[in-house]
Amino acid sequence: HSYVQLDAGYERSRHATQTVQDAHDFIHLFMNGGSGGKVVLGPSCSALCRMLDDCYGTELTQGDEIIVAECGHEANVGPWLALENRGMVPRIWKMNPETCESPLEDLEKLLNARTRIVAFPHVSNLLGHIMDIEEITRLAHRYEARVVVDGVAYAPHRAMDVQAWDVDWYAYS
């Protein structure tokens, strides 16, 4: 009874539209979205990251750089690396094999005026290290780069605060 077209104006559609709006409002509150930003619901983190990459792929220009954390999950790595086929330049933010962390100093060396995207996991689902999301975002925004965070391994275990973190995109499933 609720698999209907949204915003169609008839009673079942109005009910379904309100249910979807309530879901968006709840997730926005749950993530502390504050006054900025919007919630997008989709089938999976992988699908959402692919859609986002496709959108940016039409807006970025050849030579623009995308920094991708080596410790990231395929959902937030593969789509960005694929933009190399459109002329963008992927830069890998390496993980230190001894500490299993991605040093902030190494990110600072990669950032420059051509950096458009910095994509990384909030927590590596393999290593368990929690990235310093606020500092990474601060560094990236200094270069006007957008921050795309994979929160799949973080969201089920800790409170999210996208407003405090100031991230541009935070995806989880």
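You'll find the structure just up there.
Counting from 1, residues in each chain are numbered in the order their sequence is written. Totals for whole chains, interfaces and linings use every residue, but because this is a predicted model, local features are given only for residues with pLDDT of at least 70 and side-chain atom pairs only at 80 or more, for both listing and counting. Values reported for side chains reflect all heavy atoms of the structure, with hydrogen atoms and water molecules removed beforehand.

1. Quick look at the nonpolar core
The cut-off we apply is this: For the purposes of this section, nonpolar cores are sets of buried Ala, Val, Leu, Ile, Met, Phe, Trp, Tyr and Cys residues that join through side-chain atoms within 4.5 Å. The rule is simple: take the accessible area with a 1.4 Å probe, protein chains only, and divide by the maximum for that residue type; under 20% is buried, over 50% is exposed, in between is partly exposed. Here a strand is any run of E in DSSP of at least two residues, a helix any run of H or I of at least four, and the numbering for each starts at the N terminus. In what follows, a contact means two residues having at least one pair of non-hydrogen atoms within 4.5 Å.
With 28 residues, the main nonpolar core has W93, L107, V118, F120, W165, V167 and Y170 as its most contacted residues. Among the secondary structure elements, those contributing two or more residues to this core are β1 (65-69), α4 (104-110), β3 (115-121), α5 (133-142), β4 (146-150) and α6 (162-165). The element that contributes the greatest number of residues to this core is α5, accounting for four residues. Sequence-distant contacts of V167, defined by excluding residues within four places in its chain, comprise I133, T137, V147, V149 and V162. Core analysis: the second largest hydrophobic core is formed by 12 residues, I66, V68, M88 and I117 among them.

2. Concerning helix α1 (residues 11-30)
Note: α-helices contain 3.6 residues per turn, so residues at a spacing of three or four share the same orientation. Which entries qualify depends on this criterion: Working rule for helices: expected span equals 1.5 Å times residues minus one.
The first and last C-alpha atoms of α1 sit 28 Å apart over 20 residues, in line with the 28 Å expected at 1.5 Å per residue. Directly after α1, the chain includes N32, whose backbone phi takes a positive value near 55°.

3. Observations concerning the side chain of D64
The following threshold applies: Residues adjacent in sequence count toward polar contacts only when both atoms are side-chain atoms; beyond that, a polar contact is any pair of N or O atoms within 3.5 Å, and within protein one must be able to donate a hydrogen and the other to accept it.
Along the polypeptide, D64 turns up in the loop between α2 (45-59) and β1. Accessibility expressed as a relative area gives 3% for D64, which makes it buried. Among the polar contacts listed, one links the side chain of D64 to the backbone nitrogen of T61, at a separation of 2.8 Å. Leave out the neighbours within four places in its chain, and D64 touches M88, V89, R114 and R116.

4. Topic: the environment of I133
Considering the arrangement of structural elements, one finds I133 in helix α5. For the pair I133 and V149, spaced 16 residues apart in sequence, the C-alpha separation works out to 8.3 Å. Not counting residues within four places of it along the chain, the set of residues in contact with I133 comprises F120, H122, V149, W165, V167 and Y170.

5. Some details on unusual backbone geometry
For N32, which is not glycine, the phi dihedral falls at a positive 55°. Note that N32 resides in the loop between α1 and α2. One non-glycine residue, E144, adopts positive backbone phi at about 60°. Its location among the elements puts E144 in the loop between α5 and β4.

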